[in-house]
Amino acid sequence: MNVIYEDNHIIVVNKESGEIVQGDKTGDAPLSDCVKDYIKQKYQKPGNVFLGVTHRLDRPVSGLVIFARTSKALSRLNEMFRKGDVHKTYWAIVKNVPKEPEGRLTHWIVRNEKQNKSYAYNREVRDSKKAILDYRVLASGDNYHILEIHLLTGRHHQIRCQLAAMGCPIKGDLKYGAQRSNPDGSISLLSRHVEFVHPVSKESISLDAPLPKDILWQKILNNG
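Conventions and cut-offs
- Residues numbered from 1 in each chain as written.
- Predicted model: local features only at pLDDT ≥ 70, side-chain atom pairs only at ≥ 80, totals over all residues.
- Heavy atoms only, no water.
- Core = buried A, V, L, I, M, F, W, Y, C linked by side-chain atoms within 4.5 Å.
- Buried < 20%, exposed > 50% of the residue type's maximum accessible area, 1.4 Å probe, protein only.
- Helix = DSSP H or I, 4+ residues; strand = E, 2+ residues; numbered from the N terminus.
- Contact = heavy atoms within 4.5 Å.
- Polar contact = N/O pair within 3.5 Å; in protein donor to acceptor, adjacent residues only side chain to side chain.
- Pairing = 2+ DSSP bridges.

Participant: Looking at this structure, how should I read the nonpolar core?
Facilitator: Nonpolar side chains in soluble globular proteins tend to end up buried together. Counting 26 residues, the largest nonpolar core has Val35, Phe67, Ile149, Ile159, Leu163, Ile170 and Leu189 as the members making the most contacts within it. Among the elements of the structure, strand S2 (10-15), helix H1 (31-42), strand S4 (62-68), strand S5 (87-94), strand S8 (129-140), strand S9 (145-151) and helix H3 (158-165) are those that each provide at least two residues to this core. Sequence-distant contacts of Phe67, that is, excluding residues within four places in its chain, are made with His9, Ile10, Ile11, Val13, Val21, Leu31, Ser32, Val35, Leu51, Gly52 and Val53. Within the second largest apolar cluster, 24 residues are counted, among which are Ile66, Leu190, Leu216 and Trp217.

Participant: Can you walk me through the environment of Tyr176 in this structure?
Facilitator: By secondary structure assignment, the location of Tyr176 is in the loop between H3 and strand S10 (189-197). Those residues within four positions of Tyr176 in sequence are excluded, and the remaining contacts are Lys117, Ser118, His157, Arg160, Cys161, Ala164 and Pro169. Among the polar contacts listed, one links the side chain of Tyr176 to the backbone nitrogen of Ser118, at a separation of 2.7 Å.

Participant: What's the story with the pairing of S10 in this structure? I'm lost.
Facilitator: Judged by how many residues are buried, S10 sits mostly within the fold: seven of nine residues are covered. The sheet contact formed by S4 and S10 spans two bridges and is parallel. Residue pairing in the sheet places Ser62 in a bridge with Leu190 of S10. Direction of pairing for S5 relative to S10: antiparallel, over a ladder of six bridges. The residue bridging Lys88 from the neighbouring strand is Val194, located in S10. Here five bridges tie S10 to strand S11 (residues 204-208), and the two strands are oriented antiparallel to one another. Among the inter-strand pairings, Val194 is bridged to a residue of S11, identified as Leu207.

Written as structure tokens, this is what we have:
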């Protein structure tokens, strides 16, 4: 487990693709349990360890996840996420380059729970939620491009769904139109950077996730 930052109130971990943040019906051990074990052992804490999940990343996505180590930090972080005071930057590898090198995507997204998939519409439809993101082309390689994405809303599969609607599905994301899967089952989407004011100390926190093991990331960045 790769801890990027920790103090008495929060811990930020780099999630590997394939890990789940919180327990689900698969019964697989979630990242939250690994973090609890880490805290228990490192600080020799008796009994149950408190750990609050403040947000999630889809299973095939990698990158930064913020956990709360105290109830005070959890309630404040939850409020910060609700108000959009936690600024997250994502990187995605896509095969098709967008028509415009940067722009804003606005869709109305409908979630289909049975399929665990979201659908994007250009206008408001029944049961839809407005979804907005900003993107720009960060780097281009011979066959693939890296987009930098800033979310302005937090919807189910929002980045995956909106990039696919733009004609730029994420590499490896079969669910949203990629032609083939990645060998390790991941999709090439990384929660790369977070910035926020610490919920307790009020310091400015700015953190980056390491690039995934796939050397394609480095190749595109070096090319670009």
